[in-house]
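Remarks on the overall topology
For reference, the chains in residue letters:
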Amino acid sequence: PLPPPAPFSLQCVHVPYAYIYIYSIKQDFPTHPLCWDSQAKRHWTGIEMTTLTETQVLDLEKKSEDMYTDGFNTIKEGKDLVSLREKYIQWCSQRVEEVSLYACKEEHLHVKAVQRLLGAFESGLKEGHLTEELCERYVSTLLRLGLRQEAEKVSAVATELHRGSVACWLLRLRLMGGATSSETSELVGGRGGGAMETCVKGRKSKKPRNSKAVAIAIASSSAACVASDCPSRSVGKLCREALESVTKEESLPIWEYWLHQSISAGESAEAIHALFQEGLEASTSSTREVLSCQYLDWVSLTEGLASTRSVYSKLLKCQRVPYSLYNKCLEVEKTAIAGDRMKNLQLLRDLYERALLDYGSQEPELWLDYIRTELKEEGGDPRNVGKLHWRASKTLEPELSGQFMAQYSLLDLSNSKASSSIL
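Criteria and cut-off values
Residues numbered from 1 in each chain as written. Predicted model: local features only at pLDDT ≥ 70, side-chain atom pairs only at ≥ 80, totals over all residues. Heavy atoms only, no water. Helix = DSSP H or I, 4+ residues; strand = E, 2+ residues; numbered from the N terminus. Buried < 20%, exposed > 50% of the residue type's maximum accessible area, 1.4 Å probe, protein only. Contact = heavy atoms within 4.5 Å. Areas by Shrake-Rupley, 256 points an atom, 1.4 Å probe, with all protein chains shown as cover. Salt bridge = Lys/Arg side-chain N within 4 Å of Asp/Glu carboxyl O. Expected span 1.5 Å × (residues − 1). Axes fitted to C-alpha atoms, helices over the stretch in contact; angles between N-to-C directions. Parallel < 35°, antiparallel > 145°, perpendicular 65-115°, else oblique. Left-handed = near helix turned anticlockwise from the far one by under 90°. Disulfide = S-S within 2.5 Å. Core = buried A, V, L, I, M, F, W, Y, C linked by side-chain atoms within 4.5 Å. Phe/Tyr/Trp six-rings, centres within 6.5 Å; stacked < 30°, edge-to-face > 60°. Lys NZ or Arg CZ within 6 Å of the ring centre and 35° of its normal. pLDDT = per-residue confidence, 0-100.

Bringing the overall build of the chain into the picture now. Tallying secondary structure elements over the chain gives 20 helices and zero strands in all. Residues counted as buried form 45% of the 423 residues belonging to the chain. Taking contacts inside the chain between residues at least 6 apart in sequence as the whole, the part at least 24 apart equals 64%. Of the roughly 21700 Å² of accessible surface on the chain, 52% is carried by carbon and sulfur atoms.

All right, on to the pattern of salt bridges then. Where charged atoms of side chains with opposite charge meet at close range, the side chains can pair. All told, the structure shown has 18 salt bridges when counted by the stated rule. In this structure, R148 and E152 form a salt bridge, with 3.3 Å as the shortest nitrogen-oxygen distance. With a gap of four residues between them, R148 and E152 both fall in helix α7 (residues 148–161), about one helical turn apart. By relative accessible area, R148 is classed as partly exposed at 25%. The closest approach of N and O atoms between E365 and R372, which form a salt bridge, is 2.8 Å. On the accessibility criterion, E365 (35% relative accessible area) is partly exposed.

Right, let's get into helix α6 (residues 132–144). Each full turn of the α-helix corresponds to 3.6 residues, which orients residues three or four apart in the same direction. Taking 1.5 Å per residue, 13 residues should reach 18 Å; α6 reaches 19 Å between its end C-alpha atoms and fits that length. Considered for burial, the residues of α6 that qualify are L134, C135, Y138, V139, T141, L142 and L143. Where α6 ends, the next residue or the one after it, G146, has phi of about 80°, a positive value.

To continue, consider the side chain of H129. Note that H129 resides in the loop between α5 (107–127) and α6. Ignoring anything within four residues of it in the chain, the contact list for H129 reads L81, V82, R85 and G124.

Right, let's talk about the packing of helix α17 (residues 364–376) against helix α19 (residues 398–408) for a bit. Interhelical geometry of α17 versus α19 gives an angle of 30° and a closest axis separation of 9 Å. The orientation of α17 with respect to α19, classified from their angle, is roughly parallel. Viewed along their axes, α17 and α19 form a crossing whose handedness is right-handed. Counted together, P364, E365, W367, L368 and I371 of α17 and L400, Q403, F404, Q407 and Y408 of α19 form the full contact between these two elements.

The subject of this paragraph is α17. Spanning 13 residues, α17 covers 18 Å between terminal C-alpha atoms, matching the ideal 18 Å at 1.5 Å per step. Burial runs high along α17: ten of the 13 residues are buried. Burial in α17 covers these residues: P364, L366, W367, L368, D369, Y370, I371, T373, E374 and L375.

Another aspect to go through is the environment of E152. Exposure remark for E152: the relative accessible area of 35% places this residue in the partly exposed category. For the pair formed by E152 and L142, sequence separation is ten residues and the distance between their alpha carbons is 9.3 Å.

As enumerated under the stated definition, the model contains zero disulfides in all. There is no disulfide at C135, and the cysteine sulfur nearest it, in C168, is 5.0 Å away. Take C168: its relative accessible area is 1%, and that puts it in the buried class.

Moving on to the side chain of E333. Within the secondary structure layout, E333 lies in helix α15 (residues 323–336). Residue E333 is classed as buried on the basis of its relative accessible area of 0%. In this view, E333 contacts R309, Y312, N344, L347, L348 and L351; residues no more than four positions away in its chain are not counted.

The next subject is the nonpolar core. The biggest cluster of nonpolar side chains holds 58 residues, and the ones touching the most others in it are I254, Y295, L316, L366, I371 and F404. The dominant element in this core, judged by the number of residues it contributes, is helix α14 (residues 285–315), at eight residues. Counting 44 residues, the second-largest nonpolar core is a separate cluster that includes V57, V99, Y102 and L130.

Scanning all chains against the criterion turns up twelve aromatic pairs. Their ring planes at 15° and their centres at 6.1 Å tell us that Y88 and W91 sit as a pair that is stacked. With a gap of three residues between them, Y88 and W91 both fall in helix α4 (residues 79–98), about one helical turn apart. Residues Y88 and W91 agree in their burial class; the two are buried. On the basis of an interplanar angle of 55° and a centroid distance of 5.3 Å, the ring pair of Y323 and Y359 is categorised as tilted. You can see Y323 sitting in helix α15 and its partner Y359 sitting in helix α16 (residues 341–359), a full 36 residues away along the chain. Clustering of aromatic rings is evident, with ring pairs tying together Y68, F72, Y88 and W91. We note R85 situated over the ring of F72; from NZ or CZ to the ring centre the distance is 4.4 Å.

Let us look at the confidence of the model for the chain. Summarising the model, the chain shows a mean pLDDT of 78, and 76% of its residues fall at 70 or more. Scored below 50 in pLDDT, residues 416–423 shows 13 contacts in the model against residues more than four places distant or in partner chains.

This is the structure we're talking about:
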């Protein structure tokens, strides 16, 4: 037998020898997806697209489709069948893109190509063979065709096929939240929206198999609630279902979407606070780090300094405070320092000291930022600079101490008190 992938390079085989190679491939690799994909595409080798008539196009497409069908019937199950299904969809997409290159340029050929692509998507979805990426492409295609209701149904089936997929859940959530595909996007290279409109009109009048197949797929899935006769779920309820399906390590995009939608919808401050707190309690450390900083941003923008301090005081009580959260809290106090300068400056110093307890040995920039505050802020004490310099040199890990010294030497120490205190 010929070692793969050599037997699949049929485009390089001269016609007199093609039959020999094809026979060898069918004998030696009967269930290999590349075998059937190469055989289906070999009919197009050496063809000049600009010379094809309508009859020639239809004949070549039928030969390719028949070969893919034979492959599906031969492989029947397993990863190889899924791979071949994906290659078939890719071929259908290619046909849509290349239809404008044909010499005949008949409009119904374009419509047929788009419907073939949708049919390939439907078959893959019905059989459970669509990957996450292909599900997204299917939904995007339907949106570009103006078939939003079907896109919502397909996204619901996608979350049943890939329960743990954050991408599929986000796609479904965004559709529920009113997201749309760009009106200027083109599914077919070189053709405008008129072809899309023609395709949609043809589908509505002739009731092609796309709608029926999607309905069958949805009816057979366990997500019966997404069928057309069921009431819509709220975004919040669907977000909660998504969070129960994905892992905690990957849940951040779901939480962010839920919070964004809740804030955009004008929900009460109490509800937003509760949602942030729920997210912080139910998340991993990495997700909690991001949410805590976003929580502070939201409180700072909507409720003022007093509420922000109250929130970050609670957040700083957790066992391991993220460095980014300390930075966010320091930003809050730096912004507030213009009010009661002496009181707020002392709060800022207290916050630096607390951060140094956790990260004093690891973060040279934290020491440098503290020193800059004493040097530049009105009310700052340059005499503290020398003390901070000495503490940093003793606290930082050896490999970081040199880095601190190098950056410290670049600071503006022109203040005489600061210079004398160091000396």
